[in-house]
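Single-letter residue listing:
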Amino acid sequence: MTSEALHYWILVLDMESFSTRSDPIQRSLRDAMYDVVESAFAQAGIDRREVVTEDRGDGILILVPTTISPIRLAGPLIRALDDGLREKAQVYSAAHSLRMRLALHQGLAVRDRHGWSGDAVNTACRLVDAQPLRDALRAADSAHLAFIVSDQVYDGVVRHAHRGIDPAAYLPLRFATKHGEVLESWITVPGFSAPPGLPPQPKPAPPPRSAIPGAAQADGGQSAEAGNGAIGGSAIEVGVVHGDVVGRDKFVHQQGPARW
């Protein structure tokens, strides 16, 4: 029976190069993955009984209720995961290397008798599967974790620089999924000032001059009515200003002589 869709913080975790390992190593890596995740949630002060998980073989879908602050997820949880993976790396061989990609999104998810679904779940899965995220982790050969967040999570959580979260360590990533959908996201790799290996991102085109409020629209950078000296409905040209230039209810305070 299908339950009602509810809002969650959605984490999707995936192990790097899992399918290339032998069966015994895959089993061992899965045990290690759950050990690291469960320990990290405890260190971040998140009760695992409040969190829903769904096993995905080489990873885990994790649904966190919105009663838990996303700051814990993007801050203490990421640090604890990275610490746990670093500890494993000290005792595991290169053939048993455990490195992870992790995505954080938010939105509605619904449970039926088979598992969890929803467009937000699909988006989180596409984020963690992004080739540029794979490339960033591969390029950061000394790292153990690559973390990607949706644009919504970055805007609502990361960019505010809460304690334990450094927005300067994130780089924007705009990529197309295999279905042709374009997603906006942000990537960080713990231990790096900026994630390596990302493709150059296109810079947004500046808006046309006609779209800028108050921009001059006539030849030579002057408005068609610039000669009448009015401000409301026409343009005023100001060179270098001393003091205040006042026009109706607007003024500009600069230094240097004014030319009207």
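Criteria and cut-off values
- Per-chain numbering applies: the sequence of each chain, read as written, is numbered from 1 onward.
- Reporting in this predicted model follows two pLDDT cut-offs: at least 70 for local features of residues, and 80 or more for side-chain atom pairs to be given and counted; totals over whole chains, interfaces and linings ignore these cut-offs and use all residues.
- Computation of side-chain values: all heavy atoms of the structure, hydrogens and water removed.
- To qualify as a helix, a DSSP run of H or I must reach at least 4 residues; to qualify as a strand, a run of E must reach at least 2; elements of each kind are numbered from the N terminus.
- When a residue's accessible area, from a 1.4 Å probe over protein chains only, is under 20% of the maximum for its type it is buried; when over 50% it is exposed; and in between it is partly exposed.
- Surface accessibility follows the Shrake-Rupley procedure with a 1.4 Å probe radius. Residue values consider only the protein chains on display as shielding.
- Pairing between strands is defined by DSSP: at least two bridges between them are needed.
- Expected span of a helix: the number of residues minus one, times 1.5 Å.
- Note on bend: at a given residue it equals the angle between the axes fitted to the 7 residues ending there and to the 7 starting there.
- Whether two residues touch is decided by their heavy atoms; if any such pair falls within 4.5 Å, the residues are in contact.
- Whenever two N or O atoms come within 3.5 Å, that pair is a polar contact, provided that in protein one can donate a hydrogen and the other can accept it, and provided that, for residues adjacent in sequence, both atoms are side-chain atoms.
- Pairing of aromatic rings covers Phe, Tyr and Trp, the last through its six-membered ring, and needs centres within 6.5 Å; plane angles under 30 degrees mean stacked, over 60 mean edge-to-face, and all others mean tilted.
- Both a distance and an angle decide whether a charge sits over a ring: NZ of Lys or CZ of Arg must be within 6 Å of the ring centre and within 35 degrees of the ring normal.
- Nonpolar cores are built from buried Ala, Val, Leu, Ile, Met, Phe, Trp, Tyr and Cys residues. Side-chain atoms within 4.5 Å join them into one set.
- To get an axis, fit a line to the C-alpha atoms, keeping to the stretch in contact for a helix; angles then go from 0 to 180 degrees between the N-to-C directions.
- Angle categories are assigned with fixed cut-offs, so that under 35 degrees is roughly parallel, over 145 is roughly antiparallel, 65 to 115 is roughly perpendicular, and the rest are oblique.
- Less than a right angle of anticlockwise turn of the near helix away from the far helix marks a crossing as left-handed, whereas a clockwise turn marks it as right-handed.
- Each residue receives one of three labels: charged for Asp, Glu, Lys and Arg, nonpolar for Ala, Val, Leu, Ile, Met, Phe, Trp, Tyr, Cys and Pro, and polar for the others, Gly being one of them.

A. View of the overall build of the chain. Tallying secondary structure elements over the chain gives five helices and ten strands in all. Counting across all 260 residues of the chain, residues that qualify as buried make up 41%. Element-wise, carbon and sulfur atoms account for 51% of the exposed surface of the chain, whose accessible area totals about 14600 Å².

B. Region of interest: the pairing of strand β7 (residues 171-176). Pairing geometry for β7 and strand β8 (residues 182-188), over six bridges, is antiparallel. Within β8, the residue paired with L173 across the bridge is S185. The turn linking β7 back onto β8 is made up of five residues, and G180 within it adopts a positive phi angle of 90°.

C. Examining helix α2 (residues 70-91) more closely. Its 22 residues give α2 an end-to-end C-alpha distance of 31 Å, which sits within 8% of 32 Å, the value for a rise of 1.5 Å per residue. Of all the bends in α2, the greatest measures close to 35° and is centred on L77. Where α2 is concerned, the buried positions are P70, L73, A74, G75, L77, I78, A80, L81, D82, G84, L85 and K88. Tucked inside the fold, the buried residues of α2 contact β1 (6-15), α1 (23-43), β3 (59-65), β4 (100-112) and β6 (145-150). Backbone nitrogen of I71 and a side-chain oxygen of the N-cap are separated by 3.1 Å at the start of α2; the cap is S69.

D. The arrangement of the environment of H162 in detail. If you trace the backbone, H162 turns up in the loop between α5 (151-156) and β7. Note: C-alpha distance between H162 and R72 (90 residues apart in sequence) is 9.9 Å. Ignoring any residue separated from it by four or fewer positions in sequence, one finds H162 in contact with I71 and V157.

E. Looking closely at the packing of aromatic side chains. Under the counting rule described, the total for this entry stands at four aromatic pairs. Their ring planes at 85° and their centres at 5.4 Å tell us that Y8 and W116 sit as a pair that is edge-to-face. Of this pair, Y8 sits in strand β1 while W116 sits in strand β5 (residues 115-117), and the two are 108 residues apart along the sequence. Residue W116 is classed as buried on the basis of its relative accessible area of 12%. Ring-pair connections join several aromatic residues into one group, and the members of that group are F147, Y154, Y170 and W186. Its end group placed over the ring of F41, R48 keeps NZ or CZ at 6.0 Å from the ring centre.

F. Fine view of the side chain of S150. With respect to the element layout, S150 can be found in strand β6. Sequence-distant contacts of S150, that is, excluding residues within four places in its chain, are made with L104, H105, L127, E184 and S185.

G. Inspection of the nonpolar core at higher detail. Core analysis: the largest hydrophobic core is formed by 40 residues, its most contacted members being L11 and V149. Secondary-structure elements contributing two or more residues to this core are β1, α1, β3, α2, β4, β6 and α5. Core analysis: the second largest hydrophobic core is formed by 27 residues, L133, A136, A143 and F175 among them.

H. Geometry of the side chain of T177. Checked against the element boundaries, T177 lands in the loop between β7 and β8. Beyond its immediate sequence surroundings of up to four residues, T177 is in contact with R126 and L183.

I. Local environment of the packing of α1 against α2. Axis separation between α1 and α2 bottoms out at 8 Å; the angle between their running directions is 140°. Considered as vectors, α1 and α2 are oriented oblique to each other. The hand of the α1/α2 crossing is right-handed. Together, A32, D35, V36, V37, A40, F41 and Q43 of α1 and L77, A80, L81, G84, L85 and K88 of α2 make up the contact between the two elements. Partitioned by chemical class, the residues of the contact of α1 with α2 number nine nonpolar, two polar and two charged.

J. Main features of the environment of I10. Among the structural elements, I10 can be located in strand β1. I10 gets classed as buried once you look at its relative accessible area, which sits at 0%. Contacts of I10, omitting those with residues within four sequence positions, involve L61, I62, L63, A103, L104, H105, Q106, G107, A120, V121 and A124.

Any functional reading would require information that these geometric values do not contain.
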